[in-house]
Amino acid sequence: MSAQTAQWQDVAPLLQVRELSKFYAPGKGCGDIDFDLYPGEVLGIVGESGSGKSTLLNVLSARLAPDAGQVIYQSEQFGELDLYACDEAQRRVLMRSEWGIVHQHARDGLRMNVSAGANIGERLMAVGERHYGNIRERAQAWLEAVEIDSSRIDDRPSQFSGGMQQRLQIARNLVTHPQLIFMDEPTGGLDVSVQAKLLDMLRGLVAELGLSVIIVTHDLAVARLLAHRLMVMRRGQVVESGLTDQVLDDPQHPYTQLLVSSILQN
Amino acid sequence: MTTMISVQNVAKTFTLHNQGGTSFAVLEGISLAVAAGECVVLHGQSGAGKSTFLKALYANYSVDAGAIVLRDGEQQVDITQAPPRRIIALRQQTLGYVSQFLRVIPRVPTLEVVMQPLLDLGVAREVCEAKARELLTRLNVPERLWQLAPSTFSGGEQQRVNIARGFIVDYPILLLDEPTASLDAKNRQVVVQLINEAKRRGAAVVGIFHDEDVREAVADRLVDIRLSK
Amino acid sequence: MSEVATGYNFAYLDEQSKRMIRRALLKAVAIPGFQVPFGGREMPLPHGWGTGGMQVTASVIGQQDTLKVIDQGADDTTNAVSIRRFFARTAGVATTEETAAADLIQTRHRIPETPLRNGQILIYQVPTPEPLRFIEPRDSETIKMHALREYGAMQVKLYEDVARFGHIATSYDYPVMVNRRYMMSPSPIPKFDNPKMDRMPALQLFGAGFEKRIYAVPPYTQVTSLDFDDHPFEVQSWEESCAICAAQDSFLDEVITDDAGSRMFVCSDTDYCRQRVAQQEANP
């Protein structure tokens, strides 16, 4: 098999995070965050609510300015970018082209008053596509890719189930072939029965498209299935990080041990 | 002979912070070398740390001291020091691990579960599917189950699905944690054949087997993992 | 016509307010299509009746100017008559119904059929100045979208039209790009009139009284209507011609003539229609 003889080669990080801090009040926010994210890597950020993981995600995805520190991103269009030193125009271009943001509540990430096709097509139009036929064709292909019947293309998201809305949100983000996706509790509001299907789909898409993902979740089962490595947060600090199964099966920090031991075994 | 696994003075202590900070040493001063085509069977009393050691070889557990160097093509990787993405690349192409427990996303059909590791390497779907079918057939998993998710299967069926998944990629290093436990004689024999085929193509195998017949059929060497004092 | 009212400043507004509005107008002309906020004043009629257009007219009109006011193309509708009379009384200016004779034309919902010339000013009454409003309710965000020229979302509206009707069904207030830079609402004129805005020799001023915004298109400025490559911009056309003047090139209103559903099509631009009839009578 050719894949077996391929040599592992180190590559440049996609995202470099240096001494990043954002506090609303002492203990509220996140501080001293340092890590690199590499192309194709899925990083899970876990911890209880209030641990600062959502704040961190907002700072990383250029939606909330930090108090201190840097986020350096390797952009396809602009080269190396210091996210909070660069032009806001560039950050906004990233958000609609090279990045995707999947919100916990689909209605925060979708336009509920326009059709599914328009929701997917918007990003294409935002990056300059002006051919209706092409937009429609690609919207249809992406609906199918996220397992939504393409005959629903003209329906509004409000007519969709929660799971479908979440899948539509994913399609809307992926249509411009982003290289980095931020996800905030993507399975959070869904029934357990719907979660599994979404997780399997996400896992497949991430592997197939070679996406880099930063996913915030409080659900360690979700983290185990999707993330290559984890950062465990508590009171705004990273207390432990490493390979996902190592962190979950052989936790070192007292807080991680407590977190892991609190899960019900099946 | 090419050395595939080289373990030097590995030590491991568990500390349970939430149970009064209790510490107990599990591994101490363990060294081991495994060559390509060789099968080493870990030996020792229950609780001696065999399984912990095997998990350390997979980087599933961390170690406190020592080095675990695995050969990945032309490169040598010390997995106690390597970054997570290096270990993931290693696991995708080089390092296989089969336990007796199946851990997969619920509701994914058996055939998909089995072929996934090969698909992840970018191998064509038809090739993956053909190989998955062959393995499931050899392991006597009835074809009517292939399109169903394994979560509803019996323990033995799940275990065989897991073995098929573990053997679908021709890993140069294979770690087996009691894969034959609770299998019937016929299926144990299939697993023995799979292990011996892996050895013949040059895989280095490290395993834990409780069945003496399996052990004798595959082992080149027994290595004692002694309970640390 | 009417008596000139006493006790009011020329054209009703005080001079300071007019200066403030003229400053906004200068800025608007300098940045074609950009919405300039201004300190809108109260006018003696409700918002939605053309107070934005009236404030602009009051600020630019001079004693020697002749004013024409149209509403839906007609000079004789209530709104047009009221506003024309308002300026006749407060400014004592001459008024006309003839497009070519006017220096200033205040309009609601139409551009006259007779081509305008350089030196004339067309003043639009605007109810909703922000073309991005339907997709983005936050002002802070639409301002950013304009600043960064992020207009992809606007295309969503056209996409929805084509998906639902098979063609771009938006027929009035059809969004335009001004000078290839700012997206602009042309006010609720029919899209039939959009091509007239492009490189128009006259100055076009837009006043939104309720939202207190002023914007402008200077003479000879490029104005293009949004579309898709495979669904190009098109204007309305009619099988019929005007039942009064037989015009085939003007915007037609459908008029129901009796309870039996009989109907006829007539020019929406009453001045244009009347001139054609006069011409036909002169040269039978």
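Quick caveat: nothing in here was measured; it's all calculated off a predicted structure.

To continue, consider the overall build of chain A. Across its full length, chain A carries eleven helices and ten strands. Relative to its length of 266 residues, chain A is compact, with a C-alpha radius of gyration of 19 Å against a globular reference of 18 Å. Residue burial in chain A is summarised as follows: out of 266 residues, 55% are buried. Intrachain contacts of chain A at a sequence separation of at least 6 include 64% that bridge at least 24 residues. For chain A, the computed accessible surface area is about 10800 Å², with 46% contributed by carbon and sulfur atoms.

Angle between the axes and distance between the axes are the two parameters that describe a pair of packed helices. Residue and element names in this part refer to chain B. Put simply, helix α5 (residues 155-167) and helix α6 (residues 185-200) touch, their axes get as near as 12 Å, and they point 10° apart. In this view, α5 runs roughly parallel relative to α6, as classed from their interaxial angle. On the side of α5, the interface is formed by Arg160, Ile163 and Phe167, while α6 contributes Asn187, Val191, Leu194 and Ile195. Tallied by class, residues from the contact of α5 with α6 come to five nonpolar, one polar and one charged.

Okay, the interface of chain B and chain A next. Between chain B and chain A, the contact holds 37 residues from the first and 31 residues from the second. Of the roughly 2900 Å² buried between chain B and chain A, counting both surfaces, carbon and sulfur atoms make up 51%. There are four salt bridges connecting chain B and chain A. Salt-bridge contacts for B:Lys12 lead to A:Asp250; the nearest nitrogen and oxygen are separated by 2.4 Å. Counting every contact that joins chain B to chain A gives 14 residue pairs in polar contact (both at pLDDT 80 or more). Among the elements of the structure, β1 (3-16), α2 (84-93) and α3 (110-119) of chain B are those that each provide at least two residues to the side of chain B that touches chain A. Ranked by residue count, the leading element in the side of chain B that touches chain A is α2(B), at eight residues.

A few words now on the UniProt feature "domain: ABC transporter" (unreviewed entry) in chain A. The feature "domain: ABC transporter" (unreviewed entry), as annotated in UniProt, sits at residues 15-260 of chain A in this numbering. Secondary structure within residues 15-260 of chain A divides into 39% helix and 27% strand; the distance between the first and last C-alpha atoms comes to 28 Å.

Turning to the nonpolar core, a few remarks are in order. Among the nonpolar cores identified, the biggest contains 69 residues, and A:Ile120, A:Leu168, A:Ile170, A:Val213, C:Tyr159 and C:Phe228 are the most heavily contacted of them. Here this core gets seven residues from one element, more than from any other, and that element is helix α5 (residues 152-165) of chain C. Among all residues touching A:Ile120, those that are not within four sequence positions of it are A:Ala139, A:Trp142, A:Leu143, A:Leu168, A:Ala171, A:Arg172 and A:Val175. Counting residues in hydrophobic clusters, the runner-up holds 44 residues, among them B:Leu102, B:Met115, B:Tyr171 and B:Leu194.

This part covers the arrangement of the chains. Taken together, the two pairs of chains in contact show their highest number of contacts between chains A and B. One finds no contact between chain B and chain C; the C-alpha atoms of the two approach each other to within 35 Å at their closest.

Residue A:Ala62 is not a glycine yet carries a positive backbone phi of 65°. Structurally, the position occupied by A:Ala62 is in the loop between α2 (53-60) and β4 (68-75). Residue C:Ser187 is not a glycine yet carries a positive backbone phi of 70°. In this fold, C:Ser187 is placed in the loop between β7 (182-184) and α6 (194-197).

Once that is clear, we can look at the environment of B:Thr15. Tracing the chain through its elements places B:Thr15 in strand β1. Separated by 78 residues in sequence, B:Thr15 and B:Gln93 have C-alpha atoms that sit 32 Å apart. With residues near it in sequence (within four places) discarded, B:Thr15 still touches A:Gln257, B:Gly21, B:Thr22 and B:Ser23. Side chain to side chain, B:Thr15 and B:Ser23 meet in a polar contact 3.0 Å long.

What follows deals with the sheet that holds strand β6 (residues 99-102) of chain A. All names here are of chain A. Ordered in space as β6-β7-β8-β3-β9-β10, the six strands form an open sheet in which the pairing is mixed. With one partner strand each, in any of the chains shown, β6 and β10 (237-243) form the two edges of the open sheet. Ignoring strand direction, the axes of neighbouring strands in this sheet form an average angle of 15°. Sheet analysis places strand β7 (residues 180-184) next to strand β8 (residues 212-217), joined by five bridges and oriented parallel. Pairing of Met183 across the sheet is with Ile215, part of β8.

The next thing to look at is the state of the cysteines. Residues and elements named next belong to chain C. Following the criterion strictly, the structure yields zero disulfides over all chains and no others. A disulfide-free cysteine, Cys245 has its sulfur positioned 3.5 Å from the sulfur of Cys267, the nearest such atom. Assessed through its relative accessible area of 1%, Cys245 is described here as buried.

A word on the packing of aromatic side chains. Under the criterion given, the structure shown has 17 aromatic pairs over all chains. Relative to A:Phe182, the ring of A:Trp99 has its centre 5.2 Å away and its plane inclined at 70°; by these criteria the two rings are edge-to-face. Taken together, the residues A:Trp99 in strand β6 and A:Phe182 in strand β7 connect sequence positions 83 residues apart. Considered together, A:Trp99 and A:Phe182 belong to a single accessibility category, that of buried residues. Through successive ring pairs, a cluster of aromatic residues spans C:Tyr8, C:Tyr12, C:Phe86 and C:Phe87. Its end group placed over the ring of B:Tyr58, B:Arg91 keeps NZ or CZ at 4.1 Å from the ring centre. The ring of C:Tyr182 has C:Arg181 sitting right over it, with the charged end atom 4.3 Å from the ring centre.

Each value, and the rule that gives it
- Residues numbered from 1 in each chain as written.
- Chains lettered and ligands numbered in written order.
- Predicted model: local features only at pLDDT ≥ 70, side-chain atom pairs only at ≥ 80, totals over all residues.
- Heavy atoms only, no water.
- Helix = DSSP H or I, 4+ residues; strand = E, 2+ residues; numbered from the N terminus.
- Rg over C-alpha atoms; globule rule 2.2 N^0.38 Å.
- Buried < 20%, exposed > 50% of the residue type's maximum accessible area, 1.4 Å probe, protein only.
- Contact = heavy atoms within 4.5 Å.
- Areas by Shrake-Rupley, 256 points an atom, 1.4 Å probe, with all protein chains shown as cover.
- Axes fitted to C-alpha atoms, helices over the stretch in contact; angles between N-to-C directions.
- Parallel < 35°, antiparallel > 145°, perpendicular 65-115°, else oblique.
- Nonpolar A, V, L, I, M, F, W, Y, C, P; charged D, E, K, R; others polar.
- Buried area = accessible area lost by both parts, 1.4 Å probe.
- Salt bridge = Lys/Arg side-chain N within 4 Å of Asp/Glu carboxyl O.
- Polar contact = N/O pair within 3.5 Å; in protein donor to acceptor, adjacent residues only side chain to side chain.
- UniProt positions renumbered as here; feature names shortened; annotations may be inferred.
- Core = buried A, V, L, I, M, F, W, Y, C linked by side-chain atoms within 4.5 Å.
- Pairing = 2+ DSSP bridges.
- Disulfide = S-S within 2.5 Å.
- Phe/Tyr/Trp six-rings, centres within 6.5 Å; stacked < 30°, edge-to-face > 60°.
- Lys NZ or Arg CZ within 6 Å of the ring centre and 35° of its normal.

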